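A structural walkthrough
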Amino acid sequence: MNNTYLGVDIGGTAVKLGLITGDGNLLFTHTSPVNFDKYKTPIMKTVLREIDCFLSKNKLVSSDLLGIGVSATGQIDPKSGIVTGSAGHISNWLLTPVKDLLENRYHLPVSVANDANCAIIGEHWKGCAIGFSDIIMITIGTGIGGGIICNGRLLSGHTGIAGELGHFSIQKDGTMCSCGNIGCYEQYASASALVKAVREALPSFHSYSKTDPDQINGKFIFDQVKAGSIEYQRVVDNWIDNIAMGLTGLIHIFNPELVVIGGGISQQEELLIVPLRERVLSKIMPGFRKDLQFRSAKLDNNAGLIGAVRNLIEKGAA
Ligand SMILES: [Zn+2]
């Protein structure tokens, strides 16, 4: 199999592997959990084992591949491929030398980048952002992931960890954030923030006695809105206002032509993307509205894998 790369997407709950051609076609994937024993087994031990299985299952040896592109959770030093910052709940992850571990075992070129950055690179290469050169992407999930492409290139910053779009404050006296600051954007605009807001408002809802708080997730909430619940709609409206507030600032700073919304919840075109666009357009200064588009991410949870391989190719490492 010529001209093929291995994409590795290491998340907090699972690792996803994929064989990807040099022009970005995803051939086979495999997903495996990484937190089965609360991370007592280091994530990379699981990743190396799963890569070995994946290659042998597809009758490949490492010399059949051109390189390994890795998308990883946390802050990653792109030069050394070491995890330099970690969400607190993942033990044994900080300072993991991801790049060295893979290079030493497979003797191939390896690049490692943050998962949200890989997502925007993937969408730019093969997804909803093809042909655009100034893009902001936010991925709405447990937190908010971010990536920025300026003049066609990923904004990486001095140490390669720029684009932490979940962690600028929109509330001076707000909620404490996992990063140590107060009132961060992701505390108000993530999917978790929406679920938390609904749970808090639930006792005042007519449907309170019939609703199990444990069943509330993004899909459940949007299903209630689709069924005509004014109460759920009100909470969702307030949450969309929060997302719009942060995006307004980001658009004023970066002047993008495209805003990409990622995460499972971004597929709610009519109930999220359309009203979000309207609200942002009503808030931003007129000069920033020119040609500005809003799109939901297209590559779903393959964006990290595909972007990781593109990142490797762009770096000229393979
Ligand atoms: Zn924060």
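None of these values were measured; they are calculated from a predicted model.

Criteria and cut-off values
- Residues numbered from 1 in each chain as written.
- Predicted model: local features only at pLDDT ≥ 70, side-chain atom pairs only at ≥ 80, totals over all residues.
- Heavy atoms only, no water.
- Helix = DSSP H or I, 4+ residues; strand = E, 2+ residues; numbered from the N terminus.
- Rg over C-alpha atoms; globule rule 2.2 N^0.38 Å.
- Buried < 20%, exposed > 50% of the residue type's maximum accessible area, 1.4 Å probe, protein only.
- Contact = heavy atoms within 4.5 Å.
- Areas by Shrake-Rupley, 256 points an atom, 1.4 Å probe, with all protein chains shown as cover.
- Pairing = 2+ DSSP bridges.

If you tally the helices and strands in the protein, you get nine helices and twelve strands. The C-alpha atoms of the protein give a radius of gyration of 20 Å, which matches the 20 Å a tight globule of 318 residues would have. Dimensions of the protein along its principal axes, counting C-alpha atoms only, are 60 × 45 × 35 Å. Counting only residues that meet the buried cut, the protein has 49% of its 318 residues in that class. Expressed as a percentage of contacts within the protein between residues at least 6 apart in sequence, the contacts between residues at least 24 apart total 63%. A total accessible area of about 14,700 Å² is found for the protein, and carbon and sulfur atoms account for 51% of it.

Further remarks concern the pairing of strand β8 (residues 135-140). Of all six residues in β8, five are buried, a share of seventy percent or more. Sheet topology note: the β8/strand β9 (residues 144-150) ladder contains six bridges and is antiparallel. The residue bridging isoleucine 140 from the neighbouring strand is isoleucine 144, located in β9. The hairpin turn running from β8 into β9, its antiparallel successor, is three residues long. Bridge count between β8 and strand β11 (residues 258-262): five bridges; the pairing is parallel. Each bridged residue has a counterpart across the sheet, and for isoleucine 136 the counterpart in β11 is valine 259.

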